[in-house]
Amino acid sequence: MASLSMTQIRAGNWSSGFGLNWAGKVQGGSRSRVGFKVFASETQATEPDLSVTVNGLHMPNPFVIGSGPPGTNYTVMKRAFDEGWGAVIAKTVSLDAAKVINVTPRYARLRASANGSAKGEIIGWENIELISDRPLETMLKEFKQLKEEYPDRILIGSIMEEYNKAAWEELIDRVEQTGVDALEINFSCPHGMPERKMGAAVGQDCALLEEVCGWINAKATIPVWAKMTPNITDISQPARVALSSGSEGVSAINTIMSVMGINLNTLRPEPCVEGYSTPGGYSARAVHPIALGKVMSIAKMMKSEFDSENYSLSAIGGVETGGDAAEFILLGANTVQVCTGVMMHGYGLVNKLCLELKDFMKKHNFTSIEDFRGASLEYFTTHTELVRRQQEAIQKRKAIKKGLQSDKDWTGDGFVKESESMVSN
Ligand SMILES: Cc1cc2nc3c(=O)[nH]c(=O)nc-3n(C[C@H](O)[C@H](O)[C@H](O)COP(=O)(O)O)c2cc1C
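These numbers were taken from a predicted model, which means no experiment stands behind them.

A. Representation of the overall build of the protein chain within the structure. For the protein chain, the helix and strand inventory stands at 12 helices and 18 strands. A burial count over the protein chain gives 44% of its 425 residues as buried.

B. Quick peek at the confidence of the model for the protein chain. Within the protein chain, residue pLDDT values average 88, and 87% of them lie at 70 or more. Ignoring residues within four places in sequence, the model shows residues 1–31, a span with pLDDT below 50, making 52 contacts including any to other chains. Segment residues 35–44: pLDDT under 50, and 33 contacts once partners within four positions in sequence are set aside and those in other chains are kept.

C. Inspection of helix H5 (residues 206–219) at higher detail. Compared with the 20 Å implied by 1.5 Å per residue over 14 residues, the 20 Å span of H5 between its first and last C-alpha is a close match. Listing the buried residues of H5 in full gives Leu 209, Val 212, Cys 213, Trp 215, Ile 216 and Asn 217. Buried residues along H5 sit in contact with helix H3 (165–176), strand E10 (182–186), helix H4 (200–203), strand E11 (224–227) and helix H6 (236–244).

D. Local environment of the nonpolar core. If you look at the biggest cluster of nonpolar residues, it comprises 95 residues, and the most contacted ones within it are Val 88, Val 250, Ala 252, Val 295 and Val 336. For this core, the leading source of residues is helix H10 (residues 349–363), giving 7 residues. When residues no more than four places from it in sequence are discounted, the contact partners of Val 295 are Ala 252, Ala 315, Phe 328, Leu 331 and Ala 333.

E. Quick peek at the site of the ligand. The local shell around the ligand holds 27 residues, among which Gly 66, Gly 68, Ser 283, Cys 339 and Thr 340 are the closest. Broken down by secondary-structure element, the contributors of at least two residues to the shell around the ligand are strand E8 (122–127) and helix H9 (340–345).

F. Examining the sheet that holds strand E18 (residues 335–338) more closely. Ordered by their spatial adjacency, 8 strands build a closed barrel running E5-E6-E9-E10-E11-E12-E17-E18, and the pairing between neighbours is parallel. Taken over all neighbouring pairs, the strand axes of this sheet differ in orientation by 25° on average, direction set aside. Two strands pair when backbone bridges link them, and strand E9 (residues 154–159) and E10 are joined in this way by 4 bridges, in the parallel orientation. Looking at the pairing, Ile 159 lines up with Ile 185 of E10. Contacts between helix H7 (residues 288–305) and the sheet are confined to strand E12 (249–252) and strand E17 (312–316), with E17 contributing the most and set at about 175° to the helix.

About the criteria used
- Residues numbered from 1 in each chain as written.
- Predicted model: local features only at pLDDT ≥ 70, side-chain atom pairs only at ≥ 80, totals over all residues.
- Helix = DSSP H or I, 4+ residues; strand = E, 2+ residues; numbered from the N terminus.
- Buried ≥ 20, exposed ≤ 12 C-beta atoms within 10 Å, placed from the backbone.
- pLDDT = per-residue confidence, 0-100.
- Contact = placed C-beta atoms within 7 Å.
- Expected span 1.5 Å × (residues − 1).
- Core = buried A, V, L, I, M, F, W, Y, C linked by C-beta atoms within 7 Å.
- Near = placed C-beta within 6 Å.
- Pairing = 2+ DSSP bridges.
- Axes fitted to C-alpha atoms, helices over the stretch in contact; angles between N-to-C directions.

What follows is the structure in structure tokens.
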């Protein structure tokens, strides 16, 4: 059974990883899967440096293709590398794709206008898509080809299996042989196959998660990120279990369980397949505030319990601008994944994201991602603490008697100063 060891629990400062430059540690005679996290700037002093190194994986920028349609085959993953994405996480694979049967339509969208007018901007996206339905052998060949053609770029295999140790071990072994740089474990697929203890069925059950994570981390020889489901009361609990069971990182969030809507003409739910539907996973801009909340909760737990040099956080949910990404990084994320944003805007989105993130960094004189990573986390506290702080501030303001309490207090001599004391700008 996995437990928190002293080497896993951090003792120092969350942001103390800046500038550290060690390329992996030796444990029990073999090289650890954990490498260094952040290099110093590699570019000119004038331009902010977007590059990050996470669990030993060096990326030109923190923008990662999230598992889903944008990483579903060789052609689209190649496109992602060519456009400049920092890393690509492929669509989730399992041993037997024949068991994965998708339906169409499988998406439904929410627009920001009354009753889903076709002209409104898309703000929410529901899918009932399963993991990859392509044969594993085909996907593995494509991973291998991509790694041969882009040896310096980061390709991450996303995997999901049944509650069966041998099956997980076989899948890990076969995916690792293609040369992928890391594994993301899909403990979070919200629909399909819970009866086979797959996806969210594992991520929602900490005991099961600990056991399966233990199998995975005993087998894997490359970094492992555990992808968390938001469909749980306290997401920091499974995140803690995943990290203390040997995973180097957590990714969050996968999609949020949802029903997109009911068609008021046909009275049938959407997306409608032969007159019926099933709850799906919600993504895109509408989920961004929920994702920020979940990532904040994980980041707080990681800050107090895990060493920031060896454990990483990949934030996901509703990213379409550099500002959205900056928010996740300000909470402590090392990388930021985008899935639905790419489905809506295409692979070129990464150029806009990089420009906007650089603009944000220039505005604040940040030269590297590590300069501001986690900087906003300390400003989250309890409501009780907010009340205490506000009462203290009111007392202080009263003490300096700023402004006049009543019109009877105006004086002739101090009139101009008294006027100024009540101006806001
Ligand atoms: C159509 C679709 C398919 C997805 N398939 C997968 C998948 O196979 N594996 C996985 O881990 N996440 C999958 N996801 C979840 C995304 O990777 C991501 O966690 C989620 O959509 C939130 O991010 P976003 O708002 O940027 O899309 C899928 C999402 C969508 C929209």
